Amino acid sequence: MSTDTARLGPAAARKVLVLMSGTHGVEGFAGSAIQTGLLRRGVAAHLPPDSALLMIHGLNPFGFAHLRRANEDNVDLNRNFLDFSKPLATNPGYDQLAKVIAPSSLGWCSELALNWRLTAYRLRHGQAALQKEVSRGQYTHPQGLFYGGDRPTWSNQTLRTILASQLAEASEVAVVDLHTGLGPRGYGEIIISDPPQTPAFARAKSWWGERVRSTATGDSVSAHLSGTVRNAFAEALPGVELTSAGLEFGTLPALAVFRALRAENWLQFQAAGRGAQRIKDRFRQAFDPDDNLWRAQVTGQGQEVVLNVLRHF
């Protein structure tokens with residue numbers, strides 16, 4: 001398996017747009033469609049002078065190939081970009097819910113326990129806190145969801161190698177990391193972690209307008225995450241003007257996506273193949289719906305998001 005790259009534009013370009021797919025394995029189908037669609041429509045003709053487009057395809061090739069969101073070590077790559085020489089952040093909220101998030105069995109009893117525990121947590125702490133604690137990343141349950149790992153993964157190191165070889169001459173870098181699973185069906189939200197008063201947020205708004213939401217203010221469909229791929233770019237490119245965003249396309253209601261994640265994780269560690277095809281089919285539908293309208297919406301919006309950056313470069 002491999003992670004592939006395609007570069008359009010001069011090797012020493014000052015401005016570079018990086019377009020990534022497959023950070024979350026199974027989400028790579030939509031990302032790949034956007035990337036190949038841009039190549040087919042001749043995106044190189046839209047590159048301004050002194051600009052380049054770098055496509056990174058299949059950052060998590062194992063998850064992409066095996067219909068998993070996590071990688072070969074059950075690591076969520078978008079929680080893995082941390083300094084592992086320092087103590088890792090704790091997540092007491094996840095710890096409280098860990099047994100119902102990643103149960104040893106599925107069935108009506110397991111579902112009742114999940115519903116009761118999630119409802120109790122939501123009533124006590126609020127919906128925003130529930131989403132944050134479940135999804136922001138955890139580092140103590142290797143067979144759980146949103147596990148960030150205990151060391152830099154192969155994909156983490158591969159991305160850093162790519163950045164070192166491809167962006168050494170850049171002074172302005174924009175990043176669009178392609179994702180699916182959160183938000184209104186077929187709508188692409190631009191998610192950034194920078195707060196509204198920052199230059200990066202202002203640049204994002206000038207490129208993408210009302211699509212832009214910041215996790216720092218709680219306006220996004222995503223919680224504020226730890227260990228995201230943005231850290232690799234920030235560390236590799238000190239002094240570079242960096243605008244880093246995720247482009248997230250909604251699929252199913254949030255609880256349905258969560259249940260698909262939970263069942264697929266159970267299949268991986270507990271089920272020994274029982275019901276595998278049904279679970280995997282439902283899992284793929286949560287991130288790559290078999291719906292031509294959805295796919296047209298995703299590819300159209302994704303390509304327009306990329307072209308908007310190039311128009312402003």
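Below is a summary of the structure that appears in this document. If you're wondering where the values come from, they're calculated on a predicted model, not measured in any experiment.

Calculation rules
Residues numbered from 1 in each chain as written. Predicted model: local features only at pLDDT ≥ 70, side-chain atom pairs only at ≥ 80, totals over all residues. Heavy atoms only, no water. Helix = DSSP H or I, 4+ residues; strand = E, 2+ residues; numbered from the N terminus. Rg over C-alpha atoms; globule rule 2.2 N^0.38 Å. Buried < 20%, exposed > 50% of the residue type's maximum accessible area, 1.4 Å probe, protein only. Contact = heavy atoms within 4.5 Å. Core = buried A, V, L, I, M, F, W, Y, C linked by side-chain atoms within 4.5 Å. Pairing = 2+ DSSP bridges. Right-handed = clockwise from strand over helix to strand, strands pointing away. Expected span 1.5 Å × (residues − 1). Arc of directions from axis to C-beta. 1 Å grid on protein atoms, 1.4 Å probe; cavity = no way out; pocket = protein on both sides within 12 Å on 5 of 7 lines; lining within 4 Å. Points joined across faces, edges and corners; volume = space filled by probe spheres on them. Nonpolar A, V, L, I, M, F, W, Y, C, P; charged D, E, K, R; others polar. Axes fitted to C-alpha atoms, helices over the stretch in contact; angles between N-to-C directions.

1. What about the overall build of the protein chain?
Of the regular secondary structure elements, the protein chain holds 11 helices and seven strands. Taken over the C-alpha trace, the protein chain has a radius of gyration of 19 Å; the compact-globule value for 313 residues is 20 Å, and the two agree within 12%. Along the three orthogonal principal directions, the C-alpha set of the protein chain runs to about 60 × 40 × 35 Å. When burial is assessed residue by residue, the protein chain has 52% of its 313 residues classed as buried. For the protein chain, the share of sequence-separated contacts (at least 6 apart) that also reach a separation of at least 24 residues comes to 79%.

2. Some details on the environment of Asn 80
Locating Asn 80 in the fold gives a position in the loop between helix H2 (61-66) and helix H3 (92-101). Given a relative accessible area of 0%, Asn 80 falls into the buried group. Sequence spacing of Asn 80 and Pro 152 is 72 residues, and the spatial spacing of their C-alpha atoms is 6.4 Å. The contacts of Asn 80, once residues within four sequence positions are left out, are Val 75, Gly 148, Gly 149, Arg 151, Pro 152, Thr 153, Asn 156 and Gly 227.

3. Side note on the nonpolar core
With 30 residues, the main nonpolar core has Leu 17, Leu 19, Val 176, Ile 190, Trp 208 and Leu 310 as its most contacted residues. Those elements giving two or more residues to this core turn out to be strand S2 (15-20), helix H1 (28-40), strand S3 (51-57), strand S4 (172-185), strand S5 (188-192), helix H7 (199-208), strand S7 (241-250) and helix H11 (292-312). If one sorts the elements of this core by residue count, H11 sits on top with seven residues. With residues up to four places along the chain from it excluded, the contact list for Ile 190 reads Trp 208, Arg 211, Val 212, Arg 213, Ala 245, Gly 246, Leu 247 and Val 305. Judged by nonpolar contacts, the second largest core, of 23 residues, contains Leu 77, Leu 163, Leu 237 and Val 240.

4. Side note on the pairing of S3
Of all the seven residues making up S3, six are buried; the element is thus mostly covered by neighbouring parts of the structure. Sheet analysis places strand S1 (residues 4-8) next to S3, joined by five bridges and oriented antiparallel. Within the sheet, the bridge partner assigned to Ala 6 lies in S3 and is Met 55. The parallel pair S2 and S3, bridged by H1, forms a crossover whose chirality is right-handed.

5. Quick look at helix H4 (residues 108-125)
The terminal C-alpha atoms of H4, which comprises 18 residues, lie 26 Å apart, in line with the 26 Å expected from a rise of 1.5 Å per residue. Of all the residues in H4, the buried ones are Ser 110, Leu 114, Leu 118 and Tyr 121. Seen end-on, H4 carries its buried residues on one side only, within an arc spanning 65°. In H4, those exposed residues whose orientation departs by more than 90 degrees from the buried face are Trp 108, Cys 109, Leu 112, Trp 116, Leu 123 and Arg 124. On its buried face, H4 sits against H3, helix H5 (127-135) and helix H9 (254-269). In the stretch just after H4, Gly 126 is the one whose phi turns positive, near 100°.

6. Some thoughts on empty space enclosed by the protein
Throughout the structure, instances matching the rule amount to one cavity of 30 Å³ or more. Lining the largest cavity we find 13 residues, and of these Arg 69, Ala 70, Leu 145, Phe 146 and Leu 261 sit closest to its centre. Per-element accounting of the lining of the largest cavity gives the leading share, three residues, to H9. Partitioned by chemical class, the residues of the lining of the largest cavity number six nonpolar, three polar and four charged.

7. Concerning the pairing of S4
Walk down a regular strand and you will see the side chains alternate between the two sheet faces. Taken across its 14 residues, S4 has 10 buried, putting it largely inside the fold. Pairing of S2 with S4, which is carried by six bridges, proceeds in the parallel orientation. Each bridged residue has a counterpart across the sheet, and for Val 18 the counterpart in S4 is Val 175. Summarising the sheet, S4 and S7 pair through 10 bridges and their orientation is parallel. Bridge assignment links Val 173 to a residue of S7, and that residue is Leu 242.

8. Brief notes about H3
Turning to H3, its buried residues are Gly 93, Tyr 94, Leu 97, Ala 98, Val 100 and Ile 101. If you follow the buried residues of H3, they end up packed against H4, H5 and H9.

9. Side note on the sheet that holds S7
Read from one edge to the other, the open sheet built from seven strands follows the order S1-S3-S2-S4-S7-S5-S6, with strand pairing classed as mixed. Pairing within the sheet leaves two strands with one partner each, and these edge strands are S1 and strand S6 (212-214). For this sheet, the mean inter-axis angle between neighbouring strands, taken without regard to orientation, is 25°. Here S5 runs beside S6; their pairing, made up of three bridges, is parallel. Across the sheet, the residue bridging to Ile 190 is Val 212, located in S6. Here H7 sits on the sheet in contact with S4, S5, S6 and S7, set at roughly 55° to S7.

10. Focus: the layout of surface pockets
Gaps between atoms show up when a probe of the same size as a water molecule is rolled over them. Of the volumes computed, that of the largest pocket is approximately 960 Å³. Around the largest pocket, the lining comprises 45 residues; the ones closest to its centre are Gln 131, Ser 135, Leu 182, Val 221 and Ser 222. For the lining of the largest pocket, the secondary structure elements donating two or more residues are H4, H5, S4, S5, S7 and H9. Of the residues contributing to the lining of the largest pocket, the split by class is 20 nonpolar, 17 polar and eight charged. Of the volumes computed, that of the second largest pocket is approximately 160 Å³.

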